[in-house]
Amino acid sequence: MELDRSALVDQLDRTLTALADPTRRRIVARLARGEATVSELVECFELTQPTISSHLKTLERSGLISRSRVAQTRPCRLEPECLHALGAWLGELRSIYEDNYARLDEVLDKLKREQPKR
Amino acid sequence: MTSFEFTTPTPTSIRVVRSFDAPVDLVWRAHTEPELLKQWMTGPPDHSLPVCEIDFRVGGKARYVWKNPQFEMGMTAEFKEIVEHERIVYTELYDGWPEGASTVTTVFAAAGDQTITTVDIEYLTQDARDAAMQPGFKEGYEASYETLDKLLPQLRVGS
C-alpha cells in the first residue's frame, strides 16, 4: 500500500472496464500479435467500421492502445504499461494475502493449543 | 500442508483460495473477532491494524485502519450476508475512493482436518455492469478467458 492506491485503482478500473467487453478483448488479443489498421480489424472481426472505431476509442481512452499520428492509416498498437500496472497491483495484492495468511497460520496454531482437544 | 491460489477468474474479479490446518470454527473466529484479526490481517510489511471495529450482523459495519510510520489507509465494510461457519458477504469501500466499492464473498469449507477459504473479490464498475447487460456478454466471456490468460501471463500466478 506504499503505492498510490487510488491512482493505481483508477487505472485498474479503466483497464478492467475496457477489457469487460469481449470484442475489445479480442481486439487487444489481436494487437498483442502486432499493429493493425482499422480496415484490417474490420476485416478480421467482420464488424462494421463504426463499431470497430467505437471500441478503439474506448480502448484508446483506457490507455490500452495508442494510434499512430504519423501514418495516414493510423495503425493501432497495444500499450503494455496498462497491463503492467494491473499486473503490479495484483502482484501486490497477492503478496498481501500470502503474508496475511502466513500470520493467520500462527494465530490458528495458538488457538489450537489454547483449545482443549475434542 | 497448506495451499494458496490467486487467480483472476473474470476481468473484474479476483479469487484467493487458501487451506488452513485448523477446524472451521477456529478459522471462522480468526476472520470475525477483532482481537484476532489485528494479529494477522495487518497487510503490507511494517504495517499494523490498530483500528478494527466490527458490528458483526447483516447491515452492520466494520471499520479498519492500517498504519505504518508514514502511511494510513482506512476501509469501511458493510455486511450483506452472514452464515455462521460457512459464508460472509460484505461490500468494502476504501477511504478516498468513494466510487470504488467492491463486493467480497468469503466461503469457509471443512475438508478433513483442514479448512479451505475461498475469497471472491468482485469489482463493480458501472461500465462493467452496463457491459454485462449487453447481449452476448456471457458467451464472450467463455471464449475470452483463454485469450486473457495468454495475454496477461503475469496474472496467472496461482501456485
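Enquirer: I'd like a description of the overall build of chain A, backed by residues and values.
Expert: Helix and strand content of chain A: five helices and two strands. In chain A, buried positions account for 48% of the 118 residues. Contacts in chain A between residues far apart in sequence, at least 24 positions, make up 51% of those at least 6 positions apart. Accessible surface, chain A: about 6,300 Å² in total, of which carbon and sulfur atoms supply 50%.

Enquirer: If you had to explain the overall build of chain B to someone new, which residues and values would you point to?
Expert: Summing up its helical and strand segments, chain B has four helices and eight strands in all. Sequence-ordered secondary structure for chain B, helices as α and strands as β, is β-β-α-α-β-β-β-β-β-β-α-α. Here chain B, with 159 residues, has 47% of them falling under the buried criterion. Taking the contacts inside chain B whose residues are at least 6 apart along the sequence as the reference set, 31% of them involve residues at least 24 apart.

Enquirer: Hey, could you go over the nonpolar core for me, with residue numbers and the actual values?
Expert: Core analysis: the largest hydrophobic core is formed by 44 residues, its most contacted members being Tyr97, Tyr101 and Leu108 of chain A together with Ile14 and Tyr64 of chain B. Ranked by the residues each element gives to this core, the list is headed by helix α5 (residues 80-114) of chain A, at nine residues. Judged by nonpolar contacts, the second largest core, of 16 residues, contains Leu19, Phe45, Ile52 and Leu59 of chain A.

Enquirer: Which residues make up the confidence of the model for chain B, and what are the values?
Expert: Residues and elements named next belong to chain B. Confidence along chain B averages 79 in pLDDT terms, with 73% of residues attaining 70 or more. Per-element averaging of pLDDT across chain B places helix α4 (residues 137-151) at the bottom with 39 and strand β3 (residues 48-54) at the top with 96. Here residues 126-159 is a poorly scored stretch, pLDDT under 50, and it has 48 contacts once near neighbours within four places are set aside; other chains count.

Enquirer: Which residues make up helix α3 (residues 38-45) of chain A, and what are the values?
Expert: Residues and elements named next belong to chain A. Turning to α3, its buried residues are Val38, Leu41 and Phe45. For α3, the angular spread of buried residues about the axis comes to 60°, placing them on one side. Residues of α3 that are exposed and angled more than 90 degrees away from the buried face: Ser39 and Glu43. Where α3 is buried, its residues contact α2 (22-31), α4 (49-62), β1 (65-67) and β2 (76-78). Within two residues after α3, Glu46 carries a phi angle of roughly 50°, on the positive side.

Enquirer: Quick rundown of the pattern of salt bridges? Include the residues and the values.
Expert: All told, the structure shown has twelve salt bridges over all chains when counted by the stated rule. As a salt-bridge pair, Glu60 of chain A and Arg69 of chain A come within 3.2 Å of each other at their nearest N and O atoms. Arg29 of chain B serves as the salt-bridge partner of Glu33 of chain B, at 2.9 Å between the closest nitrogen and oxygen. With relative accessibility at 33%, the residue Arg29 of chain B sits in the partly exposed group.

Enquirer: Mind laying out unusual backbone geometry, listing which residues take part and the relevant values?
Expert: Look at Arg74 of chain A: it is not a glycine, yet its phi comes out positive at around 45°. As for its placement among the helices and strands, Arg74 of chain A is situated in the loop between β1 and β2. Given the relative accessible area of 25%, Arg74 of chain A is considered partly exposed. Even without a glycine there, the phi angle at Asp46 of chain B is positive, about 70°. Position of Asp46 of chain B among the secondary structure elements: in the loop between α2 (34-40) and β3.

Enquirer: Explain the pairing of strand β5 (residues 71-83) of chain B to me, using residue names and the numbers behind them.
Expert: Residues and elements named next belong to chain B. By the bridge criterion, eight bridges tie strand β4 (residues 61-68) to β5 in an arrangement that is antiparallel. Bridge pairing in β5 links Val65 to Gly74. Between the end of β4 and the start of β5, which pair antiparallel, lie two residues. Bridge count between β5 and strand β6 (residues 87-94): eight bridges; the pairing is antiparallel.

Enquirer: Please give an account of the environment of Arg57 of chain B that cites residues and values.
Expert: All names here are of chain B. Mapped onto the elements of the fold, Arg57 is located in the loop between β3 and β4. Here Arg57 falls in the partly exposed class, since its relative accessible area comes to 48%. Distance in space between the C-alpha atoms of Arg57 and Ile82 is 7.1 Å, their sequence separation being 25 residues. With residues up to four places along the chain from it excluded, the contact list for Arg57 reads Phe79 and Ile82.

Enquirer: So what's going on with the packing of α3 of chain A against α4 of chain A? Which residues, and what values?
Expert: Residues and elements named next belong to chain A. As a packed pair, α3 and α4 sit with axes 9 Å apart at the nearest point and diverge in direction by 115°. Viewed along their axes, α3 and α4 adopt a mutual orientation that is roughly perpendicular. α4 is crossed by α3, and the crossing has right-handed handedness. Judged by residue contacts, Val38, Leu41, Val42 and Phe45 of α3 engage Gln49, Ile52, Ser53 and Leu56 from α4. Residue composition of the contact of α3 with α4, grouped by class: six nonpolar, two polar and no charged.

How each quantity is defined
Residues numbered from 1 in each chain as written. Chains lettered and ligands numbered in written order. Predicted model: local features only at pLDDT ≥ 70, side-chain atom pairs only at ≥ 80, totals over all residues. Heavy atoms only, no water. Helix = DSSP H or I, 4+ residues; strand = E, 2+ residues; numbered from the N terminus. Buried < 20%, exposed > 50% of the residue type's maximum accessible area, 1.4 Å probe, protein only. Contact = heavy atoms within 4.5 Å. Areas by Shrake-Rupley, 256 points an atom, 1.4 Å probe, with all protein chains shown as cover. Core = buried A, V, L, I, M, F, W, Y, C linked by side-chain atoms within 4.5 Å. pLDDT = per-residue confidence, 0-100. Arc of directions from axis to C-beta. Salt bridge = Lys/Arg side-chain N within 4 Å of Asp/Glu carboxyl O. Pairing = 2+ DSSP bridges. Axes fitted to C-alpha atoms, helices over the stretch in contact; angles between N-to-C directions. Parallel < 35°, antiparallel > 145°, perpendicular 65-115°, else oblique. Left-handed = near helix turned anticlockwise from the far one by under 90°. Nonpolar A, V, L, I, M, F, W, Y, C, P; charged D, E, K, R; others polar.

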